[in-house]
Structures are given as structure tokens and as C-alpha cells.
Amino acid sequence: MAAAEVGDDVYGEDPTINLLEKRAAELFGREAALFVPTGTMGNQIAIRLHTEPGQEVICESRSHILDWEMATTAVFSGCLVRAVPTVSGTLSWKDIEPVIYGLGSFRATTGLIEIENTANLAGGICTHPDVLEDIWAEAKKRNLPTHLDGARIFNAAVALHTDVKKLSHGFDTVMFCLSKGLCAPVGSMLVGSAELMEQARLYRKALGGGMRQAGVLAAAGLIALEKMPARLQEDHANAKLLAEALANMDNVAIDPETVETNIVIFRLMGSQRAADLVARLKARGVLASAVGPDTVRLVTHNDVSRGACIAAAEALTEEIEVGAAAK
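Predicted model only: the values in this text are computed from it and were never measured.

Trainee: How would you summarise the overall build of the protein if you had to cite specific residues and measurements?
Mentor: Helices and strands together make up the secondary structure of the protein, namely 13 helices and 11 strands. By the compact-globule yardstick of 20 Å for 327 residues, the protein fits well, its C-alpha radius of gyration being 20 Å. In terms of its C-alpha atoms, the protein occupies a principal-axis envelope of roughly 60 × 55 × 35 Å. Considering only residue pairs separated by 6 or more positions, the protein has 72% of its internal contacts joining residues 24 or more positions apart. Each charge class in the protein can be summarised by its mean position, and for the 30 positive and 41 negative side chains these summaries are 2 Å apart.

See below:
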């Protein structure tokens, strides 16, 4: 990063940013790409590109754009999120079709279909290619654009034994994070047609995402893009280890078979509170997130070794037993 060749990216003159964008576009089989500071910014730019104020964006009810992006779909694009609850946490066409609305006198029209792959709060599960092909084909028949929140699309590709180009080729735009499983310190990418990315650059500036000598960040992004996907299977194996350890506990609800990638979500049985468990784990050096009153999320990544995951599993077992005994 310190040795990166830099220029002014607002003027398109940072050679390292330009190289990163070129490489990202190539990997996804697209005409162009745009570096953005965050995945949220990438998603929200895409929503603005595809919609008009007063329209709806269809997504699953646990989607990141609904719960974790500060209502920016409403603020920046003037659109309503049409959240569709599903058992699995992923959408299929049969879930989407009943909530598509055309031009009429009472209801907002559908402007965009958004898919999240992997699905974060569904435990990192993947939407399979055959499901996506169906969505793309049916959306195209209705002239509806589709956007992929692919924050962890490389994890999905590894789990499904495919590549990101094949897994995302039918989307009009794709956002993916360099800073999730790929481990860069900062940054995400938006890919699509050259025309869309030209407009996206303007929306990025409007959101405060125009940066000057940003090549220092792109240098890390290039390493993330070129080297880190090859090791993601290690994270998936470590997540499975944690899930299997949790499944052996009486006070935990989890199905290890649903843990496909690097996210483990489990529910505490009885009266234990997730926030209390997370606080006790933090005191022992294990970082987790409470994502509900009784629900905890764990994420494995490059900075957590197999040995660290074994230690975390032991800490989880002990602290969950302590919590159950206290109640």
C-alpha cells in the first residue's frame, strides 16, 4: 500500500484504482467497474441507477439493504423496499412474482429486484445457479432490472464450485466487497456496463465517495482480488467446525447442514440473552454479534486460524453452559 502508484481518482487518474477496476470488470465479464468505499454505497448507487422515485425494490426480508443501510433506498432513491419473508432467507421466482406490480392507480410499481448472495442473516447460505437463472429469465420478460448484493459472492462461488462470472452473469449490476472474506482493509466494487458505471461515478461523488489518491486502498484491493479467494474454503471449514460444536449443546438451536460458507448463526434456547453471551465472549477474546434477542452470529475469516476457532468453540461451550446454569 505504501508503495502504490497514485493519482487523483476523481479525475480518473489513479493508475492503481484504474487497474483494480479493470481487473474486477474482467473477472465478472463486464465492461466496467467502480471502486467505492463501502458495500452500502455500492448497493445504493445501483438502486439509484435502476429505479425512479416512487418505485419499489423487491428483496428478502432479512436483506442488508433493508436492515443495515440506514434507509438510504428511501432517502437517496425515493423508493420503498418491498420485503419478502421466506423460510430459507433466500428468494426464488415463486417468492418474487406475487409482489411485482405494474403501473396502476394505487400501488407503487416494481423498479428493481435485488438478491443477496450469500445471504448474511440467513447464515451465509447460497442461492444456487438454477434459481438465479429462473429469476433472470422471468425478470427479463418483464423488463425488470436485477441487482446482486454480492458482498460475499466469492464465498458463494467457492461453496457452489463455480466462478463469480458464471454465478452473476444475469444481473444488470453486481456489488462485491473487498473487505469481507477477501480481507482488504477498505473497499467494495460495483460492476456493470460502461454506460451504467459512468453514471455510477456521478452518484458516488454525490454520496461523498469521490476520493483523491485512493491507490493506497486499491493496492490492498488487488491482493484481495487476486490472492484471497483461493483460501476461502479454510474459512468455510472453520465455520462448519464451530457449527458442529454448537449443535452438540442442549441449549442451542442450529443445523450444521445449513452452514455453507463462513457465517454461523445460532439461537439460544431458554431465557439466555444473546447480548449477555456476546459480552462474556468478548471478555474472553472471542468477538461475536447479537443479531436478535436470542440470536448470535459468528464469522470466520483469514485472521482466525483453525486453532483459534477450536479455542472459540471451547469458550462458546463454557459460556453457554454458564448462562444456562445462571438462569
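So much for the structure itself; the text now carries on.
Trainee: How would you sum up helix α2 (residues 39-50)? Please name residues and give values.
Mentor: Taking 1.5 Å per residue as the helical rise, α2 with its 12 residues ought to reach 16 Å, and the 17 Å between its terminal C-alpha atoms agrees with that figure. Where burial is concerned, most of α2 is hidden: 10 out of the 12 residues are buried. All of the buried residues along α2 are G39, M41, G42, N43, Q44, I45, A46, I47, L49 and H50.

Trainee: Before we move on, could you go through unusual backbone geometry and cite the residues and values that matter?
Mentor: The linkage connecting N117 with the following residue, T118, adopts the cis geometry, with an omega of 5°. Looking at the element boundaries, T118 is found in the loop between β4 (110-116) and α6 (129-141). Non-glycine residue M70 carries a positive phi angle of around 60°. Tracing the sequence through the fold places M70 in the loop between α3 (64-67) and α4 (72-77). Phi angles above zero are rare outside glycine, and A71 is one such case at about 60°.

Trainee: Please set out the packing of helix α12 (residues 274-283) against helix α13 (residues 306-326) residue by residue, giving values where relevant.
Mentor: Where α12 contacts α13, the two axes come as close as 10 Å, and the packing angle between them is 135°. One way to sum up the angle between α12 and α13 is to call them oblique. The element α12 and its partner α13 pack so that their crossing is right-handed. Taken together, the residues of α13 that come into contact with α12 (itself represented by L277, R280 and L281) are A315, L316, E319, I320 and G323. Here the contact of α12 with α13 is composed, by residue class, of five nonpolar, one polar and two charged.

Trainee: Tell me about the pattern of salt bridges, residues and numbers included.
Mentor: One pass over the structure, following the stated rule, counts 18 salt bridges. A salt bridge links D9 to R204, with the nearest nitrogen and oxygen atoms 3.2 Å apart. Here the residue D9 occupies a position in the segment before α1 (15-28), and R204 occupies one in helix α9 (residues 194-206), the gap between them amounting to 195 residues. According to the relative accessible area criterion, D9 is buried, its value standing at 0%. R142 is paired through a salt bridge with E138; the nearest N and O atoms lie 2.9 Å apart. Overall, the relative accessible area of 33% leaves R142 in the partly exposed class.

Trainee: Now, about the packing of aromatic side chains: what can you tell me, with residues and values included?
Mentor: What the rule picks out here adds up to five aromatic pairs. An angle of 85° between the planes, with centres 5.9 Å apart, marks the rings of F28 and F154 as edge-to-face. Placement of the pair is F28 in helix α1 and F154 in helix α7 (residues 153-159), with a sequence separation of 126 residues. Classification of F154 as buried rests on a relative accessible area of 9%. An angle of 85° between the planes, with centres 5.9 Å apart, marks the rings of F76 and Y203 as edge-to-face. Of this pair, F76 sits in helix α4 while Y203 sits in helix α9, and the two are 127 residues apart along the sequence. Looking at Y203, the relative accessible area reads 17%, which means it is buried.

Trainee: Can you tell me about the sheet that holds strand β10 (residues 289-292), naming the residues and giving the values?
Mentor: Backbone hydrogen bonds are what pair the strands of a sheet, in a parallel or an antiparallel way. Reading across from one edge, β8-β9-β11-β10 is the order of the four strands in this open sheet, with antiparallel pairing throughout. In the strand order of this sheet, the two ends are held by β8 (252-253) and β10, each with one partner. Judged from the five bridges that link them, strand β9 (residues 263-268) and strand β11 (residues 295-299) form a sheet pairing that is antiparallel. Each residue of the ladder has a partner; that of V264, found in β11, is L298. Against the sheet, α12 engages β9, β10 and β11, with an angle of about 175° to β10.

Criteria and cut-off values
Residues numbered from 1 in each chain as written. Predicted model: local features only at pLDDT ≥ 70, side-chain atom pairs only at ≥ 80, totals over all residues. Heavy atoms only, no water. Helix = DSSP H or I, 4+ residues; strand = E, 2+ residues; numbered from the N terminus. Rg over C-alpha atoms; globule rule 2.2 N^0.38 Å. Contact = heavy atoms within 4.5 Å. Lys, Arg positive; Asp, Glu negative; His and termini not counted. Charge placed at Lys NZ, Arg CZ, Asp CG, Glu CD. Expected span 1.5 Å × (residues − 1). Buried < 20%, exposed > 50% of the residue type's maximum accessible area, 1.4 Å probe, protein only. Axes fitted to C-alpha atoms, helices over the stretch in contact; angles between N-to-C directions. Parallel < 35°, antiparallel > 145°, perpendicular 65-115°, else oblique. Left-handed = near helix turned anticlockwise from the far one by under 90°. Nonpolar A, V, L, I, M, F, W, Y, C, P; charged D, E, K, R; others polar. Salt bridge = Lys/Arg side-chain N within 4 Å of Asp/Glu carboxyl O. Phe/Tyr/Trp six-rings, centres within 6.5 Å; stacked < 30°, edge-to-face > 60°. Pairing = 2+ DSSP bridges.

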